[in-house]
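Geometric and topological summary
Listed below, chain by chain, are the residues.
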Amino acid sequence: MVNVEASEITGRAQIRAQIEKLYREGMVHGDDGFSQSLYPTSVTPGRGKFLGDLVRRIKPAATIEVGMGWGLSTLHMLEAMLENGGVRQPHIIMDPYQAKNYHNGARRVLREAGVDGLVEFHQEPSEIFLPKLVEQGRRFDFAFIDGDHRFDGAFVDLVFIHKLLKPGGVMAVDDTELDAVHLACQFAITNWGYTFEAGHSDREASPGRHRHRGEQPRPQVGAYRKPLVEGERNQLHFNSFFDDFSPYIRLNRLASNQLAHEGLVALREGDREAARRSFREAIRQDPTHAKNLFRYIRTYLPPGLARAFTGRSKRG
Ligand SMILES: C[S@@+](CC[C@H](N)C(=O)[O-])C[C@H]1O[C@@H](n2cnc3c(N)ncnc32)[C@H](O)[C@@H]1O
């Protein structure tokens, strides 16, 4: 263990005091006198508590975190680990922008709380650092991912965290209401067999855009458990993880209308192939608009028959 006794006695109280001070003041300070608001970067008190409670319940021995920001999530996790009896091995964190963009604010926050010795910080991007840990054969019980929120970044993080988690291990992912992060998590569920463990939202997620499978609102932080036994994956088999986007298809009515208009223009000009392409795409964008299906079928009928079929007297 890492200096557990000393840090356990003083650490918990100091961490709590530091968390409360940061939330109260709402500002963080870099080593160079730089100051900035905690938000929107930091986890909120609600998300931090959710994270801490997960750690209290799971009691992980080995933990890892992607993206350090202002260190608030790290403080919540360390506090829970100390409550669980101590930090058995340094909590690993990586963030390439801690010095450049955050003026080492999170490292200062941990130092002031007297717990910087409980973490192992790496100033590297996760996509470079996580594969190194895989190569070293490292394994973790719990991961918190709050780094690059673009789909490629989030997906790559999940790919490597999946390799690093022990069977039955848990990954908590922040900002799961975002489409990119949500999709990456859906992939873990549908293709790796992860199960949804718990979720938290600071507010009711917006009902229209952010929908979970089965029309449930998406949480803002989600926790997912790796299966104890991984299923065999067929090289060619792929489980779709885009299901949630079916409601969005209707939202593409604008695109569908534009395509249908282009199809009608092409039909009027006698270009049946172009019209067919436009109607086909219009149907794909909005399958509920049945009129486009008839228009599409018409492009296969001889012009005379098409006119008789639709009762139209114009060309096409
Ligand atoms: C939302 S902040 C994390 C906030 C933190 N959880 C907290 O409570 O203060 C996201 C962090 O991810 C970091 N980040 C962005 N791209 C990254 C990458 N490729 N690898 C690791 N960290 C990355 C950013 O520098 C930023 O510090």
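Quick summary incoming for the structure in this document. Keep in mind the model is a prediction, meaning the values are calculated, not measured.

**Details of helix α11 (residues 291-298)**
For α11, the set of buried residues is N292, R295 and R298. Burial along α11 is one-sided: seen end-on, the buried residues are contained in an arc of 115°.

**Focus on the sheet that holds strand β5 (residues 119-122)**
Pairing in this open sheet of seven strands is mixed, and the strands run β5-β4-β3-β6-β7-β9-β8 from one edge to the other. A single partner strand is all that each edge strand has here, and the edge strands are β5 and β8 (195-200). Shown here is a sheet whose adjacent strand axes are inclined to one another by a mean of 15°, direction ignored. Looking at chain direction, strand β3 (residues 63-66) and strand β4 (residues 91-94) are connected through three bridges and run parallel. Of the residues in β4, the one forming a bridge with V66 is M94.

**Some words on the pairing of β5**
Burial along β5 is one-sided: the residues V119 and F121 are buried and none of E120 and H122 is. Sheet analysis places β4 next to β5, joined by four bridges and oriented parallel. Among the inter-strand pairings, M94 is bridged to a residue of β5, identified as H122. Between the parallel pair β4 and β5, the chain is carried across by helix α4 (residues 105-112), and the sense of this crossover is right-handed.

**A look at unusual backbone geometry**
Here Y39 and P40 are connected by a cis peptide whose omega angle stands at 10°. For K59, which is not glycine, the phi dihedral falls at a positive 50°. With respect to the element layout, K59 can be found in the loop between α2 (45-58) and β3. For D175, which is not glycine, the phi torsion reads 65° and is therefore positive. The topology assignment puts D175 in the loop between β7 (165-174) and α7 (179-192).

Definitions and cut-offs
- Counting from 1, residues in each chain are numbered in the order their sequence is written.
- With the structure being a predicted model, the display of local features is reserved for residues of pLDDT at least 70 and the display and counting of side-chain atom pairs for 80 or more, all residues being used for whole-chain, interface and lining totals.
- Here a residue counts as buried when 20 or more other C-beta atoms sit within 10 Å of its C-beta, as exposed when there are 12 or fewer, and as partly exposed otherwise, the C-beta atoms being derived from the backbone.
- Secondary structure follows DSSP: runs of H or I at least 4 residues long count as helices, runs of E at least 2 residues long count as strands, and numbering of each begins at the N terminus.
- Think of it as the arc spanned by the lines of direction from the helix axis to the C-beta atoms.
- Strands are labelled as partners when DSSP assigns at least two bridges between them.
- Helix axes are fitted only over the stretch in contact, all axes being lines through C-alpha atoms; the angle between N-to-C directions runs from 0 to 180 degrees.
- A crossover gets the label right-handed when its path from the first strand over the helix to the second runs clockwise, viewed with the strands pointing away from the viewer.

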